[in-house]
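Observations on the model geometry
Read off the chains here:
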Amino acid sequence: MDNKLVVGIADMKMAQGSGMLITYALGSCIGICLYDARIKLGALVHIMLPLNMETGRKSVMKYADTGIRETLRQMEAKGASRARITAKLAGGAKMFEVGGAALGNIGQRNIESVHMVLKREGIRILKEDLGGSVARTLLFDVSTGQGCIRSYGRPE
């Protein structure tokens, strides 16, 4: 597919009609695919942390709360309807353990924050592949709304 958009860490990309949105290296980070099937508008946001406590809030897409809300705002500006937008999620792994304890288990905190924000915003989650201890690559086909997850040692 020629129309391939790579979503970096703390980044968001949007496409309408066609295109493949891809994000790599989802460890404790979460990739959130948001989609309005009627107008075939899709967005993929790659969040790193649960809550934006940053002064001046410069890195909006870095955080679950501000990243999801800003993505929804941009989708609605392009004609998406909040009632039609659905979500698919991947990531939130526990990537590091020191002496048997997860380092603040940021993956789990991200999962809880993403669930809370989507619920508060009225967005229905269709599928999720969250937690565990493997990194994921997330591919999202905007023409069909289909998501695909690739992880080392696991089937797609």
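Now for a quick tour of the structure. This structure is a prediction, so every number in the text was calculated from the model and none was measured. (Residues numbered from 1 in each chain as written. Predicted model: local features only at pLDDT ≥ 70, side-chain atom pairs only at ≥ 80, totals over all residues. Heavy atoms only, no water.)

Overview of the sheet that holds strand β1 (residues 4-7)
Rules: Strand pairing is defined by DSSP finding a minimum of two bridges between the two strands. Secondary structure elements follow DSSP: runs of H or I of four or more residues count as helices, runs of E of two or more count as strands, with numbering from the N terminus. As a rule, the C-alpha atoms of each element are fitted with a line to give its axis, helices using only the stretch in contact, and angles between N-to-C directions run from 0 to 180 degrees.
Taken in spatial order, the four strands line up as β1-β3-β10-β11 in an open sheet, and their pairing is mixed. Of all strands in the sheet, those bounded by a partner on one side alone are β1 and β11 (146-150). Taken pair by pair, the neighbouring strands of this sheet meet at an average axis angle of 20 degrees, ignoring direction. Note: β1 against strand β3 (residues 20-26), four bridges, orientation parallel. Within the sheet, the bridge partner assigned to L5 lies in β3 and is L21.

Let's talk about the pattern of salt bridges
Applicable threshold: Salt bridge, as used here, is a side-chain nitrogen of Lys or Arg placed within 4 Å of a carboxyl oxygen of Asp or Glu. With a 1.4 Å probe rolled over the protein chains alone, any residue whose accessible area is under 20% of its type maximum counts as buried; one over 50% counts as exposed, and the rest are partly exposed.
Across all of its chains, the model carries seven salt bridges by this definition. Note that R84 and D36 form a salt bridge whose closest N and O atoms lie 2.8 Å from each other. Pair noted here: R84 is in the loop between α1 (64-77) and β6 (85-91) and D36 is in strand β4 (residues 30-36), with a separation of 48 residues, a long-range link. Classification of D36 by relative accessible area gives buried; the value is 0%. We note a salt bridge from R136 to D129, for which the minimum N-O separation is 3.2 Å. Taking relative accessible area as the criterion, R136 reaches 2% and is therefore assigned buried. Overlapping salt bridges bring together R69, E76, R82 and E121 as one network.

Remarks on a nonpolar patch on the surface
To be explicit about the condition: Exposure above 30% relative accessible area and no salt bridge define the residues that can form patches, which grow by joining like charges within 9 Å and nonpolar side chains of Val, Leu, Ile, Met, Phe, Trp and Tyr within 5 Å. Accessible surface area values rest on a Shrake-Rupley calculation with a 1.4 Å probe, where residue burial reflects the displayed protein chains alone.
Together, L51, M53 and M116 give the surface a local cluster of nonpolar side chains, amounting to about 330 Å² of exposed area. Residue M53 is classed as exposed on the basis of its relative accessible area, which comes to 72%.

Re α1
As a reminder, the rule being used: Every helix has an expected span of 1.5 Å times one less than the residues it contains. In this description, contact between two residues means that some pair of their heavy atoms is separated by no more than 4.5 Å.
Helix length check: α1, at 14 residues, gives a terminal C-alpha distance of 20 Å against a target of 20 Å (1.5 Å per residue), a fit within 8%. Turning to α1, its buried residues are A64, D65, T66, G67, I68, E70, T71, L72 and M75. Its buried side turned inward, α1 meets β2 (11-16), β4, β5 (41-47), β6 and α2 (106-120).

Here we look at the packing of α1 against α2
Here is the rule: Helix crossings fall into two classes, left-handed where the near helix is turned counterclockwise from the far one by less than a right angle and right-handed where it is turned clockwise. Only Asp, Glu, Lys and Arg are considered charged in this grouping, and only Ala, Val, Leu, Ile, Met, Phe, Trp, Tyr, Cys and Pro are considered nonpolar; every other residue, Gly among them, is considered polar.
It is at 9 Å that the axes of α1 and α2 come closest, and there the two elements cross at 35 degrees. As α1 packs across α2, the resulting crossing turns out to be right-handed. Along the contact surface, α1 presents A64, D65, I68 and R69, while α2 presents S113, V114, V117, L118 and R120. Looking at the contact of α1 with α2 residue by residue, the class counts come to five nonpolar, one polar and three charged.

Some words on the layout of surface pockets
A water-sized probe rolled over the atoms picks out the places where empty space is left. To keep it simple, the criterion reads: Cavity: a set of points on a 1 Å grid over the protein atoms alone where a 1.4 Å probe fits but cannot get out. Pocket: an open set with protein on both sides within 12 Å along at least five of seven lines, its lining residues, like those of a cavity, having an atom within 4 Å of a point. Grid points are joined across faces, edges and corners, and a volume is the space filled by probe spheres set on the points.
Looking at the largest pocket, its volume works out to about 260 Å³. Surrounding the largest pocket, 13 residues form its lining, K127, D129, G147, C148 and I149 being those nearest its centre. Of all the elements in the fold, those that place two or more residues in the lining of the largest pocket are β6, β9 (124-130) and β11. Among the residues forming the lining of the largest pocket, the class breakdown is five nonpolar, two polar and six charged.

Some details on the nonpolar core
Under the convention used in this document: What makes a nonpolar core is a set of buried Ala, Val, Leu, Ile, Met, Phe, Trp, Tyr and Cys residues whose side-chain atoms join them at distances within 4.5 Å.
Ranked by size, the top nonpolar core spans 23 residues in total, and within it I32, L34, M75, V114 and L118 carry the most contacts. For this core, the secondary structure elements donating two or more residues are β2, β4, β5, α1, β6 and α2. Once you skip the residues sitting within four places of it in the chain, V114 turns out to touch I30, I32, I47, A64, I68 and L89. By size, the runner-up hydrophobic cluster in this structure holds 13 residues, among which are V7, L21, Y35 and V142.

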